[in-house]
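Per-entry structural report
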Amino acid sequence: MERVDITELIARAPWREAVTYRKTWPHEYVVIKKDGQQALLDEFCARITAGEGVECWFFHQKREYLFLGDHKYWTMTECPDIDLEKDDYVLNRAPLYRDRRDFVIKPGDRGV
C-alpha cells in the first residue's frame, strides 16, 4: 500500500474544536476509529517512533509532541500503548504559540 504524506492526511482529517477548552487551551482533535483516521495515527506514530517527537511538559504531564507547520500534535496515550483493537483514541492539535509555552506549560500559564 502506498503511503500518503502526513500533511495530506492532516488536511483531509475532520478536525473538530475541543469546545470545553475554547477559553483556556484551544485545540482541535480527531477520533481515530470513529473518524476513519487510522492512516493519520499510523503516520503520526511512525514519526514519533523515528525520533521526530519533542518531549514537552503540560503542567505535570510529559508527552511527545510532533511539530508540523503551524501546529503541534499529540496523543494522550503513548504510541507503543495504543491498541485500536481494544479502544479508540484521539489525536489532538493546537496552533503554535511560538514561545516557551510550546515546550513547557507552567502553573499560572493560560492557553489564550
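On a predicted model such as this, the values are computed, not experimentally measured, just so you know. (Residues numbered from 1 in each chain as written. Predicted model: local features only at pLDDT ≥ 70, side-chain atom pairs only at ≥ 80, totals over all residues. Heavy atoms only, no water.)

1. Examining the environment of Asp88
Basically, it comes down to this: Strands are runs of DSSP state E lasting at least two residues, helices are runs of H or I lasting at least four, and both sets are numbered from the N terminus onward. In what follows, a contact means two residues having at least one pair of non-hydrogen atoms within 4.5 Å. The definition of a polar contact used here is a pair of N or O atoms within 3.5 Å, where within protein one atom must be able to donate a hydrogen and the other to accept one, and adjacent residues in sequence count solely through side-chain atom pairs.
Assignment of secondary structure puts Asp88 in the loop between strand 5 (71-75) and strand 6 (90-95). Distance from Asp88 to Lys33, taken between C-alpha atoms, is 5.8 Å for residues 55 residues apart in sequence. Apart from residues no more than four positions distant in its own chain, Asp88 is found in contact with Val31, Ile32, Lys33 and Lys34. A polar atom in the side chain of Asp88 sits 2.7 Å from the backbone nitrogen of Lys33. One polar contact links the side chain of Asp88 to the main-chain amide nitrogen of Lys34, over a distance of 3.1 Å.

2. Focus: the state of the cysteines
Note the cut-off: Note on disulfides: each one is a pair of cysteine sulfur atoms within 2.5 Å. Burial classification: accessible surface area is computed with a 1.4 Å probe over protein chains only, and a residue below 20% of its type maximum counts as buried, one above 50% as exposed, and the rest as partly exposed.
Taken as a whole and assessed by the stated rule, the structure comprises one disulfide. Across a sulfur-sulfur distance of 2.3 Å, Cys45 and Cys79 are joined as a disulfide pair. Around the S-S axis, the bridge from Cys45 to Cys79 shows a dihedral of about -80° and counts as left-handed. On the criterion of sequence distance, the pair formed by Cys45 in helix 2 (residues 38-49) and Cys79 in the loop between strand 5 and strand 6 is long-range, its members being 34 residues apart. Each member of the pair, Cys45 as well as Cys79, carries the same accessibility label: buried. Among the cysteines around Cys56, which has no disulfide bond, Cys79 carries the closest sulfur, lying 14 Å off. What makes Cys56 buried here is its relative accessible area of 1%.

3. Comments concerning the packing of aromatic side chains
When we look at a pair of aromatic rings, we describe it by the centre distance and by the angle of the planes. Here is the rule we go by: Side-chain rings of Phe, Tyr and Trp (the six-membered ring for Trp) are treated as a pair once their centres are within 6.5 Å; stacked means planes under 30 degrees apart, edge-to-face means over 60, and tilted covers the remaining angles. Comment: the charge-over-ring label is applied if NZ (Lys) or CZ (Arg) is within 6 Å of the ring centre and within 35 degrees of the ring normal.
Counted under the stated rule, the structure contains seven aromatic pairs. When the centroid spacing of 5.3 Å and the interplanar angle of 25° are considered together, the rings of Phe67 and Phe103 count as stacked. One end of the pair, Phe67, is in strand 4 (residues 61-68); the other, Phe103, is in the loop between strand 6 and strand 7 (104-105), and 36 residues separate them in sequence. What makes Phe67 partly exposed here is its relative accessible area of 25%. Feature note: the residues Trp25, Phe58, Phe59 and Tyr97 constitute an aromatic cluster, connected by ring pairs. Of note, Lys72 hangs over the ring of Tyr65, and the distance from its end group to the ring centre comes to 5.2 Å.

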